[in-house]
Amino acid sequence: MTTGKFQSAGQPVEILVFVDLAEGELDDYGKGILSEASRLAKTLAVQWSVLSFAGDQDEGIAQMAAYGVEKLTLIDGPEDTTDSLELQGRLIALAVSEKGASLLLLPHNDLGGSLAPLLAAELNSALFTEAIAYGIEEGALKLTSQILGNQVAEAKTWDGRMPLVVTVDPRILSSVVLPSVQPGKVQVENWQPSVATVAGRTRILERIPADPQTVDVSEAEVMVSAGLGCSAEGFAQVEELTRLLNASVGVTRPAYDLGYTDFERMVGQTGKTVAPRFYLALGISGSMHHIGGIKDSKRIVSVNIDPKAPIIANSDEAFVADLREVMPLLIERLKSQTRADEATGGAA
Ligand SMILES: Cc1cc2nc3c(=O)[nH]c(=O)nc-3n(C[C@H](O)[C@H](O)[C@H](O)COP(=O)(O)OP(=O)(O)OC[C@H]3O[C@@H](n4cnc5c(N)ncnc54)[C@H](O)[C@@H]3O)c2cc1C
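Each residue is numbered by its place in its chain's sequence as written, counting from 1. Thresholds applied to this predicted model are a pLDDT of at least 70 for local features of residues and 80 or more for the giving and counting of side-chain atom pairs; totals over whole chains, interfaces and linings are not thresholded and use all residues.

1. Details of the overall build of the protein
And then number 1: Helix and strand labels come from DSSP, where a helix needs a run of H or I of at least four residues and a strand needs a run of E of at least two; each type is numbered from the N terminus. On a plain count of helices and strands, the protein comes out with nine helices and 16 strands.
And then number 2: Principal axes of the C-alpha set define a box for the protein whose edges measure 65 × 50 × 45 Å.
And then number 3: In the protein, buried positions account for 41% of the 348 residues.
And then number 4: Counted over contacts in the protein with a minimum sequence separation of 6, partners at least 24 positions apart contribute 64%. To assign burial, the other C-beta atoms lying within 10 Å of each residue's own C-beta are counted, with C-beta atoms placed from the backbone; 20 or more indicates buried, 12 or fewer indicates exposed, and intermediate counts indicate partly exposed. By definition, residue pairs are in contact when their C-beta atoms, positioned from the backbone, come within 7 Å.

Here it is, written out as structure tokens:
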């Protein structure tokens, strides 16, 4: 036994992390899951490497070096692999088995969340989804997730006796670049399945981006939320602002109580937990019940008339201003920007 290394079936655990390079570059999920993989590998004192599908992705591979990736396996499947989830699952499972990896890590985005159960079935492994924390406890890997509308934390342990597929909650994925790593050292291996794989029964015909107006707020990328500082008329302006910004609308509980919008758009302890790239809080005081639901946002900007409102201290950037004055100006500014963009074909 190699001391200190976490074991599975008598062998040190090998972590494989699946990264989707469909756009040729690392997206935020890719960057985040690489950071998490390196952190998990350190916790378990084991090796890790990356699995992806072959394609036009030199840029993405070059970016990986900064995240400490030393080894990348590119799955060379049939041309239409990315159109079939089942085929992708089968190929990844084959590669994982052949590589002898016992822990497969994926981000819990649309693709990772859909692939994970398929992979667990193919690999006959345990499955843990939407992990928010992990650590070693009594010789086992303890994984934690949030359940029952994020009100309860649930923990499970993995002792390494069978393979494990884990998806990581996007809210905890932050892209930490490892400063000590010398870029340009990713060793790339092309891997072809040794057995014939057949496409599944389902195929992806078209990829339709989510509509920010209807997407679940927990998956929103950009959010504008209104509190009691917005009147009913002010809320109509907030909705107009979200359309102009291509953002999703949210509300505080009192704003929901006033009937501004549906329950699913309420953010906070009773409402949903959100983690957008950008959260604009308009006329929101910033009670702990609301802050608890937005603290994972990458950037919080607020507008409030009261310089002592708690939201100010909880914002990356705060403006002390009256929304009745700000909103018409902001909307007009965005409209004229849109007009300028249309006139110049987006070059303005
Ligand atoms: C068990 C429990 C669970 C709860 N769950 C939630 C939850 O999930 N989500 C949630 O949001 N709340 C929740 N609450 C309620 C929470 O405690 C707060 O009461 C609520 O978040 C406050 O909402 P608000 O910021 O819209 O209103 P207020 O606290 O009234 O704040 C309004 C803000 O608007 C500002 N303002 C007023 N006029 C203007 C203007 N013209 N321009 C700019 N700013 C202006 C004011 O300065 C003030 O800061 C919960 C409470 C409890 C007890």
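2. Re the packing of helix α3 (residues 85-99) against helix α4 (residues 110-123)
And then number 1: Interaxial angles span 0 to 180 degrees and are taken between N-to-C directions of axes, which are lines fitted to C-alpha atoms, for helices over the stretch in contact. At a minimum axis separation of 9 Å, α3 and α4 run at an interaxial angle of 50 degrees. The angle between the axes of α3 and α4 places the two elements in the oblique class. By crossing handedness, the relation of α3 to α4 is classed as right-handed. Along its contact with α3, which presents Leu85, Glu86, Gln88, Gly89, Arg90, Ile92, Ala93, Val96 and Ser97, the element α4 presents Ser114, Leu115, Leu118, Leu119, Glu122 and Leu123.
And then number 2: Asp, Glu, Lys and Arg are counted as charged, while Ala, Val, Leu, Ile, Met, Phe, Trp, Tyr, Cys and Pro are counted as nonpolar; the rest, among them Gly, fall into the polar class. Of the residues contributing to the contact of α3 with α4, the split by class is eight nonpolar, four polar and three charged. Throughout, the term roughly parallel applies to angles under 35 degrees, roughly antiparallel to angles over 145, roughly perpendicular to angles from 65 to 115, and oblique to all others. In this scheme the crossing of two helices becomes right-handed for a clockwise turn of the near helix relative to the far one and left-handed for an anticlockwise turn of less than a right angle.

3. A few points about the sheet that holds strand β13 (residues 248-251)
And then number 1: One open sheet accounts for five strands, arranged β13-β12-β14-β15-β16; its pairing is parallel. Two strands bound the open sheet, and with one partner strand each, they are β13 and β16 (317-320). Strand after strand, the sheet turns through a mean of 15 degrees between neighbouring axes, direction not considered.
And then number 2: Across the sheet, helix α5 (residues 232-245) is in contact with β12 (222-226), β13 and β14 (278-282); its angle to β12 comes to roughly 175 degrees. In this analysis, strands are considered paired if DSSP registers two or more bridges between them.

4. Section: the nonpolar core
One broad rule of soluble globular proteins: the nonpolar side chains tend to lie buried together.
And then number 1: In this structure, Ile15, Val17, Ile33, Ile92, Leu104 and Leu105 are the most contacted members of the largest nonpolar core, which totals 55 residues.
And then number 2: When sequence neighbours within four positions are dropped, the list of residues in contact with Ile92 reads Phe18, Leu51, Ile75, Leu115 and Leu119.
And then number 3: The term nonpolar core means buried Ala, Val, Leu, Ile, Met, Phe, Trp, Tyr and Cys residues held together as one set by C-beta atoms within 7 Å. In this structure, Cys230, Ala255, Val274 and Val303 belong to the second largest nonpolar core, which totals 31 residues.

5. So, the site of the ligand
And then number 1: Around the ligand, 28 residues are found, and the nearest of them are Gly227, Gly229, Thr252, Gly268 and Ser285.
And then number 2: Elements with a minimum of two residues in the shell around the ligand: α6 (253-257), α7 (288-291), β15 (300-304) and α9 (323-344).
And then number 3: Among the elements that make up the shell around the ligand, the one with the highest residue count is α6 (three residues).
And then number 4: The class makeup of the residues in the shell around the ligand is ten nonpolar, 14 polar and four charged. Near, for a residue, is defined by distance from a backbone-placed C-beta atom to a molecule or strand, with 6 Å as the limit that must not be exceeded.

6. Considerations on the pairing of strand β4 (residues 47-53)
Where a strand is regular, its side chains alternate between the two sheet faces.
And then number 1: Of all the seven residues making up β4, five are buried; the element is thus mostly covered by neighbouring parts of the structure.
And then number 2: Judged from the five bridges that link them, strand β3 (residues 14-18) and β4 form a sheet pairing that is parallel. Bridged to Glu14 within β4 is Gln47.
And then number 3: The β-α-β motif built from β3, the intervening helix α1 (residues 28-44) and the parallel element β4 has right-handed crossover chirality. The path from the first strand over the helix to the second decides the hand: if it runs clockwise while the strands point away from the viewer, the crossover is right-handed.

7. Digging into α3
And then number 1: Here α3 spans 21 Å end to end across 15 residues, near enough to the 21 Å set by a 1.5 Å rise per residue.
And then number 2: Considered for burial, the residues of α3 that qualify are Leu87, Gln88, Gly89, Arg90, Leu91, Ile92, Ala93, Leu94, Ala95 and Val96.
And then number 3: At its buried positions, α3 is contacted by β3, β4, β5 (71-75), β6 (103-107), α4 and β11 (187-191).
And then number 4: Remark: Gly100 follows α3 within two positions and exhibits a positive phi of approximately 75 degrees. In a helix, the anticipated span is given by 1.5 Å times the number of residues less one.

8. Some points on the domain arrangement of the protein
How big an interface is tends to be stated in terms of accessible area lost as the parts join.
And then number 1: Delimitation of the domains relies on an automatic or database domain assignment. Along its sequence, the protein is carved into domain 1 (7-191) and domain 2 (217-344).
And then number 2: Summarising the inter-unit geometry, the C-alpha centres of domain 1 and domain 2 are found 34 Å apart.

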